[in-house]
Amino acid sequence: MPLLEMNAIAKHFGATRALDGVTLSVDAGEFHAIVGENGAGKSTLMKVLSGVYPAGSFAGEIKIDGQQQRFRTVRDSEAAGVAIIFQELSLVPEMSVGENIFLGREPATLGVINWHKLYADASKLTRDLGLSIDPRLPINRLGIGQQQLVEIAKALSQDARILILDEPTAALTESEVETLFRILAALKTRGVGIIYISHKLNEVFQMSDRITILRDGKTVGTFDADRTSKEAVIAGMVGREVSDVFPEGASKSGDIAFECTAISAHRLGEGRKVVDEVSFNVRKGEILGIAGLMGSGRSELLMTLFGAWQGRRSGQIRVSGKPVTISSPKDAIKNGVAFVTEDRKRYGLVLDQTIKANLTLASLKRTSDGFLLNPARESAAARASMTSLRIKAPSAESIVGDLSGGNQQKVVLGKWLMTEPTVLFLDEPTRGIDVGAKQEIYAMINRLAAEGLAIVLVSSELPEVLGLSDRVLVLHNGRVAAEFNKNDATAENVMAAATANA
Amino acid sequence: MAENENKPSTATLRAYVMFGVLALIWAYFHWSTDSIFLTPRNLANLMTQMSVTGILAIGMLMVIVSANIDLSVGSVLGFSGAVAAYSLSVLDVGLVPSIALSILIGMSIGFLHGTLTAYFNIPAFIVTLGGLLVWRGGVKWLLGGNTVPIADESFKAIGQSNLSATAGWILAALALAGLVAIGFRAVRSARKHSAEGVSLSAVALKLAFPASAIVIFIAVMNSYQGVPVPVLIFLGVALVGVFLTTQTTFGRYLYAIGGNAEAARLSGINNRLSIVKVFTILGAFTGIAALIFTARVGSSAPDAGTLKELDAIAACVIGGASLMGGRGTVIGACIGALIMASLDNGMSLLNVRDFMQDIIKGSILVAAVGLDMYGRRHA
């Protein structure tokens, strides 16, 4: 008997069918991947399973060990052994590791917390996962990878038998991913059924026993991982054949567009340098990849160059050969530097606002008559941008928060292209978007480079950096550890430099 | 995800709902007051009563959109009014300097609050909570705890006089001409940029409602004593508010800052400067409201304007603004102020006891927001 069965699950929001007869079966000790484009219904399905959507708000049945389940709340599903680790971690940043693990289930007598037991138990749980952290440390002092492991520790403390992970590796470094996979493999041998949602097919094929593909709220099928191929899975996800993941860009580099020398940045109120004497240049039409582990200073470097770093900083910047002073994002934009920031919801978009308002936000003066908005000109500019970036939405007046991840990312890209930059920084430009949209973004990056834009690309997905870049700079502990041209930039070389094994 | 289907614009929907609620309230009061409520005389009173709260609410709305709050407007209103009364009656500096001084004081205080919030990183809640005490103390100090009466009739005219019928119709004609100009501009620029099916008749239809509202409004006001000057000032401020929030880069930045401060900063917007500006504007509006308030009462009292900040905030919230920032409209805040004033006026006509009025108003505020949240979740 399968550990978990979900039969004919259907759920709709208004007129939109999010799930339409989805079937899923997971065995004990199985690693089961769920793949599909954004909007295919993966997250909705997991919210159904975890009781976020209560029984009665959807059709179909859920069985665990053959027993019909009706979860009214997340607590009900937890009691039945279902634990979900969301894309956006649900930890309280100010609370300690131990407090977070036992949040809502603190060992207590008559409401008085037994702190000693809480921290002893937390310590044991984290050690079982191979984590060497003080359970008294506040969560916000941990890296994102460690936070994720704390979430898993929390799930295990609840005797989870079905562990759902939604894009768990999106923010992790390679070594953190390895740690995570080692732990997941160990959980499998304990009989835990793992449901793994990911866009990263390499990981899916590395770990999975079976793969279920969803498309448009329907199950395309469930396949044994060793009897299918990446190409077949991608075809199943998008409903068509997809060629070349990384289209070949025509690399014709021109003059130096952007050059920085001895850039350093300190964390606010700390002596430690997070960026340490970094120098590099990018030519017109060139894509420079920046690789490095989490915490190597990649994003901090871009923030510093863009004038958005809030700590102490130093170094010189030249744009098109001319020395410039950039002490605020405004200066950066004025001098032709644009920055597609990571985490579009947090740094990139005003989600409540229209596509138009977001697209023109960084260059509003261009479409305005001084202080006065010019609605017609602004709309025309927004529509032009939507057409050239192929942003799919009913109109320029649609609310950005309602768009899919891929379209949101295109809006962020469009916002920065409207500033008519000389150099474009891209920080994790494809995180959390589906395969189809990823390819479109890759094609756009290549097209922009071909049009003569200098591009600096930061990504934690190594294949992306290697596939797109003409040159790769590797950062380690805030310093340039190595530089490779396209031919020498192999995954092995880059990882060796990033982990300082070179 | 697929959870967001195409909805009709929620802002439009909300505006209709609010007009509906207002109509219901008016209908109820008209019925229960034996047809007193909807007479020209009472409507003129009602509009005059709402003008002070309305002006404050318009400034407050902009502050709230930027994800800030101002708890001090009641005290600042009292202080600006006291400065006007003091300079007029005690210092005897003349009418125009007194008016200018009152507005200038409001602006300076707003500038100070904005600067402390934006550049010294003190939360606006704290800055203006402090301001609430400080400026109330300032009023008592300036007036020595007494009420200072105003003798100057031209000053009192700000709060107590009316436009002549002819002036009212000239105003209506100007407003209609303005509407037609806006309509033509919209059609022309839409044609120029080939927007999706904007026809002359569609624009005309869209402007028919405000046009008829203007005519009816002037007709009703003229059938009593003409448009009250405070109402005229309120409408002027509302026009400025609508213009700033919908037609300028400054307004766009406010919504961006309130919606996502970090995204706004990284888009090259000077968040801090915008926050100083918005507090300064609220300060100026507070100074204007203080003039009307003081002129209507004919004196400046130590407790003038007490609790006005809460009326203004309530008007914004009833009008659909989110205290989290990024959402809200000036029109909404004005309707919110009108709803609040209608409740005050109607309950007074019905001789509802003072304490009961407070209880009812408080409950309606909470219920309105509760309904709004419910509607948002089930939209």
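Rules behind the numbers
- Residues numbered from 1 in each chain as written.
- Chains lettered and ligands numbered in written order.
- Predicted model: local features only at pLDDT ≥ 70, side-chain atom pairs only at ≥ 80, totals over all residues.
- Buried ≥ 20, exposed ≤ 12 C-beta atoms within 10 Å, placed from the backbone.
- Helix = DSSP H or I, 4+ residues; strand = E, 2+ residues; numbered from the N terminus.
- Pairing = 2+ DSSP bridges.
- Domains from an automatic or database assignment.
- Contact = placed C-beta atoms within 7 Å.
- Nonpolar A, V, L, I, M, F, W, Y, C, P; charged D, E, K, R; others polar.
- Axes fitted to C-alpha atoms, helices over the stretch in contact; angles between N-to-C directions.

Caption draft 1: Local environment of the pairing of strand β19 (residues 423-427) of chain A. All names here are of chain A. Counting buried positions along β19 yields five of five residues, so the element is predominantly enclosed. The alternating pattern of β19 places Val 423, Phe 425 and Asp 427 and Leu 424 and Leu 426 on opposite faces, both of which are buried. The sheet contact formed by strand β18 (residues 337-340) and β19 spans four bridges and is parallel. From the neighbouring strand, Val 337 faces β19, where its bridge partner is Val 423. Two strands pair when backbone bridges link them, and β19 and strand β20 (residues 454-458) are joined in this way by five bridges, in the parallel orientation.

Caption draft 2: Seen up close, the domain arrangement of chain B. All names here are of chain B. For chain B, the assigned domains read domain 1 (43-161 + 229-353) and domain 2 (163-227). Its C-alpha centre places domain 1 at a distance of 28 Å from the equivalent point of domain 2. At the interface, five residues of domain 1 touch six residues of domain 2. Broken down by secondary-structure element, the contributors of at least two residues to the side of domain 1 that touches domain 2 are α2 (40-65) and α9 (229-247). Considering each element in turn, the side of domain 1 that touches domain 2 owes the most residues, three residues, to α9. Residues of the side of domain 1 that touches domain 2, tallied by class, amount to five nonpolar, no polar and no charged.

Caption draft 3: Representation of the domain arrangement of chain A. Residue and element names in this part refer to chain A. When its domains are assigned, chain A resolves into domain 1 (4-238), domain 2 (253-336 + 422-433 + 452-502) and domain 3 (346-420). Domain 1 puts 11 residues into the contact, and the matching count from domain 2 is eight residues. Counting residues per element, the ones that place at least two in the side of domain 1 that touches domain 2 are α5 (144-157) and α6 (174-189). The greatest single-element share of the side of domain 1 that touches domain 2, amounting to three residues, is contributed by α6. Its residues assigned to classes, the side of domain 1 that touches domain 2 shows three nonpolar, five polar and three charged.

Caption draft 4: Local environment of the sheet that holds strand β21 (residues 471-476) of chain A. All names here are of chain A. In space, the six strands of this open sheet follow the order β18-β19-β20-β15-β21-β22, with mixed pairing throughout. Each edge of the sheet is formed by a strand with only one pairing partner; in this case those strands are β18 and β22 (479-485). With direction set aside, neighbouring strand axes in the sheet form an average angle of 20 degrees. Across six bridges, β21 lies against β22 in antiparallel orientation. When the bridges of β22 are listed, Arg 471 appears paired with Asn 485. Lying on the sheet, helix α16 (residues 435-450) is in contact with β15 (287-292), β19 and β20; it crosses β20 at an angle near 150 degrees. Sitting on the sheet, helix α18 (residues 491-498) touches β15, β21 and β22, and the angle it makes with β21 is about 30 degrees.

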